[in-house]
Each structure stands twice: as structure tokens, then as C-alpha cells.
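Residue-level structural notes
Take a look at the letters that make up each chain.
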Amino acid sequence: MLNSAAHSAAIYPCLYLLVVHDAAYICMYPTYWFINQFLSCFIPTTLETKLNPLSTIVTGLILSVVYMTGIISTLPFGVYGFVLWNGIQFYRQPFLYISPESARQETGPSTRRRRESQSQWSFATANVCLMPECLSRCNNFSDNISRAKKISESIVANQRRALNQHRFIENGTKNGSRIGNGANVKRSNFGNAVNFPVLDVLCLQEVLDRRCTGILVNNLKREFPYILYDARLDSFKDNMFMLNSGLCIASRFPIIRAQFRCFPDKIFACRFASKGVLMCKVLVGENELGQNSVGFIATTHLQSYQGTDPIHQKQLNSLKTWITDFKQGNLGDDEKLVFDIITGDFNFDNYSLGDEADFNHSLFDEFTDVPRYKPGQDYDWAVGTERRLHLLWNDEIKTPEKMKQVLDDPIKRQYYLLDADIIDQNLQMGFENTSLDSNGEVIPKTTGGKRRVDYVLFNNSLNLEATAYNVVTQLCQWTDHMSVSLTVREK
């Protein structure tokens, strides 16, 4: 577990193991790359097939022969590297951590935004779909390296611009609606937005590809100097020695405690990833009484396509227990807790019949989900966050501004976002169309475009109120989920 004296969580406890790790990776990587590219040849995106379908097929067939030759020629080294790499995973740290104290890094002026008297904080979550290329293509995306660069550069540029213009969320209670644990807030602060507000903490999911991770972290650290990433536990039980959790927490505040726990209950493809919960405690500042003000943040990614198995219930139970234990073991008597946040891709919504047991979980008795009016129903202004994968490249939604216009239109958003009427979660639901009449027009329905699976929750027991909640379109060109931001303040 990370502590205040450990500004850097080295990947291994000694230099020898790090050398072995690097040698194993050098042996494995060519085989991994050829396998990844070979499989990608048979998974074209809709954009590729739309622009030049014949060329895409022919090129894919030719390259597949080249990549198969590469696989065969490098396989002995790849197997050797894989065995060597697996042999040292027992000694690996469960996550990596960077901070200004652990490495020389250039940070912008906004990293100094933290103030001792700060009483309002903003958080965001985003599933960025930075998986191995062949897996990203299953979600209709390609060119992961380019997307990682664009995603991180967009976030950094937006944060600097927003901070320089002092666009803080406006507080107020008049003309408000009652949200969460009794707070009156402006209705105009709740809905859809093109850009993120000035964020204190950014949580990411599906940061799985190693090269993409390096690009992402390298750019984000200019605005978020404290970053937890590459959280994983490697074993046959946890991830079949394959993928990490994909979880990342980027913070402006120093991270003084951290822990990663891996879900024991997983099925299907999720068994090859270390899906779990990444938790941390951050030092926010010092209050007028001389107490340290601290906050807790956790991010997670629950089972994808659970079908009729109650995997989410088991994972939510684990999440709730682990977060409670982490807070109880790491909150000092002389510290003031100012926020307690849970974020992530939960893979269920607040309407679907197939998700009923999940949205009725006791976690939602302790944490406020701002768009939620009651179990099984959201406020009218709430929209979904999961997109129809085969429509990602349509011209009508190709920019953040256009995407926001679609989200603001109840009919158009139903065409591009999944409906919250799921009974059986399966691989095909992301490629299904909404209900259309004989003329091809959208048939309006209450749950149309309402599958909201990305959450930012805050603890009910703290003296907090939500002042803004937005579904953010800023990253819509590079990922298959809408991002979500939440701003809370002390009452």
C-alpha cells in the first residue's frame, strides 16, 4: 500500500527483477504485436469499410500472411519471454504511481490550483477504450496510439484553457430542483456539456494497452501530477496472466494511500483482465483548525455482458466492502474527510429490467447518483452514456459540438445511444438499432437513449451537495462512451 513516504511505487522491489522484466518484455513484444495485427486484419471498422471496402479486404488478406509469418518466426522468443515474465509477477507491485517527487516532470500552472480553503471539487470518469488494437476494433475503433495522444492532449488543453478563463461552476439555489441528499441547485448546471470543468480528479477505464498507457500518463501528468495506473494482479485466477485492470486515477492532489483489489467473480472475456477496484486517499489541504483535509476516490469497471448471471451483484458487494475497509483503515482521528467519491463503468443502467437487481443495490443507499430520481427512474434531463457502436463514425456526431446537439435532442440521441430496456446483456446489443417505424423514423420511448452506465457517486453522509453534473462530449471522437463530470461543494 502506498504511503506518504513512498512517492514512487516501483514496479519491482529490486533492480534485478526490473532487468528480468524488461528482458522478458523485449522477447514477448514482437510476438504480441504480430498476433495483435494479425487478428486486426479480420476486424475492419465501419469507417474503413465505408471509405474503401474492397481495398480493406484485400489489404487485410495480404497483411495477414505477413503477420502470420512474423508470429511463427518470433513465437519461440515470445513463449520464453511470457514464461519468464510470469515467473516474476509474484513480486510485482499492484499498481504504478508517479508524482513530482518521484520524477522530474513539467507541470502547468493549474497543478497549483489546490488551495487550503477550497470547498468545491470536480471529478470526472471516462472509459477511453485503449485496449489492444484487435479488441478496440471489436468496438469499432482503430489506431490506438493516435487516439491515446489525442485523448490526453485534448484533456490537457481543455484543462489549461478552462483554468485560465476561470470558468468555475456557478453556485446558487434559486430556480433549483432538489437533487441527491436534499441540495437545491441550479437546473442549468445539470445536463450535457462539450467540455470538462476544471477537474481535481480524473478517473479512467480501459487503459489497457502498454504503449497507450505511456502516452496517456506522459501527457496527463502536465496537469495531473499524481497518477495511479497499470493496476493489476497477475495469476491464472485473476487475469490468466494477461491484461491489467485498465483503471487509472489522475489527481491534482497528492495521493498518500492507495490500494488495488481484484474481483474474484468474473466470466467470459473479463477473466483475462484484472478487473477490480482502485482506491486512493488524497491530501486536499489543511483547514482552519490545523487538521489535514483528505478525500477518498475509488474507480472500477464491472463485468461486461454478464448475461443472466448475477456477477454485478457479487462485484458490487466486494466493492462496497473493500471501500469501507480502506476508509476505516486509512482515515486518521485528526483528519477531516471532505469528499468520498466512487466512479467507473458499472455496465448497468437505472431502467433496464435486466439490471433491476443492480440498480437496487444497497450501495445507492449510501452514495448519491445525481441523475437518479429513484430506483428504476432517472430525472428527465438525464441521458445515456453508452453509444451504438456501428454508428460511431456518422457525420452527424463527428465533433463534440455536434454530439452535444444530438444529446440535447430526445429523438436524435435515441438513434445514437443505447436504450435502457436491456433484458439480457450480450455482445450484440451495442450494434442494435433503436425502434424505427415503417418510414425509418425513431419511435420515441421513455427509455430511449437512456442507458447510463458511467457513474460518479458521492457519499450521502458527508455535508456535500452537487452543484453540477454533466454528460461530456469532449472525447466523443475517440471513445465509445460519453464521459461524466460531477462538481460537489460543502454546504
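Note that the coordinates shown come from a computational prediction; the quantities given were computed from them, not determined experimentally.

1. Describing the overall build of the protein
- When helices and strands are tallied, the protein shows 11 helices and 18 strands.
- Against the compact-globule benchmark of 23 Å for 491 residues, the protein has a radius of gyration of 22 Å, which places it among compact chains.
- On the principal axes, the C-alpha backbone points of the protein span a range of 65 × 65 × 45 Å.
- Within the span of the protein, comprising 491 residues, buried residues form 56% of the whole.
- A separation threshold of at least 6 residues defines the contact pool for the protein, and within that pool the share at least 24 residues apart is 77%.
- When the accessible surface of the protein is split by element, carbon and sulfur atoms take 55% of a total near 20,700 Å².
- Side-chain charges of the protein comprise 50 positive and 51 negative groups, with the mean position of each set lying 4 Å from the other.

2. What about a nonpolar patch on the surface?
- Taken together, the side chains of Phe 236, Met 240, Met 242 and Phe 272 make up a nonpolar region of the molecular surface, amounting to roughly 410 Å² of accessible area.
- Within the secondary structure layout, Met 242 lies in the loop between β7 (226-229) and β8 (248-251).
- Met 242 sits in the partly exposed class, given a relative accessible area of 43%.

3. Concerning the packing of helix α1 (residues 15-40) against helix α3 (residues 53-87)
- As a packed pair, α1 and α3 sit with axes 7 Å apart at the nearest point and diverge in direction by 150 degrees. On the basis of the axis angle, α1 is roughly antiparallel to α3. Note that α1 runs across α3; the crossing there is left-handed.
- Within the contact of α1 with α3, the residues separate by chemical class into 18 nonpolar, eight polar and no charged.

The rules behind each value
Residues numbered from 1 in each chain as written. Predicted model: local features only at pLDDT ≥ 70, side-chain atom pairs only at ≥ 80, totals over all residues. Heavy atoms only, no water. Helix = DSSP H or I, 4+ residues; strand = E, 2+ residues; numbered from the N terminus. Rg over C-alpha atoms; globule rule 2.2 N^0.38 Å. Buried < 20%, exposed > 50% of the residue type's maximum accessible area, 1.4 Å probe, protein only. Contact = heavy atoms within 4.5 Å. Areas by Shrake-Rupley, 256 points an atom, 1.4 Å probe, with all protein chains shown as cover. Lys, Arg positive; Asp, Glu negative; His and termini not counted. Charge placed at Lys NZ, Arg CZ, Asp CG, Glu CD. Patch = residues over 30% accessible without salt bridge, like charges linked within 9 Å, V, L, I, M, F, W, Y side chains within 5 Å. Salt bridge = Lys/Arg side-chain N within 4 Å of Asp/Glu carboxyl O. Axes fitted to C-alpha atoms, helices over the stretch in contact; angles between N-to-C directions. Parallel < 35°, antiparallel > 145°, perpendicular 65-115°, else oblique. Left-handed = near helix turned anticlockwise from the far one by under 90°. Nonpolar A, V, L, I, M, F, W, Y, C, P; charged D, E, K, R; others polar.

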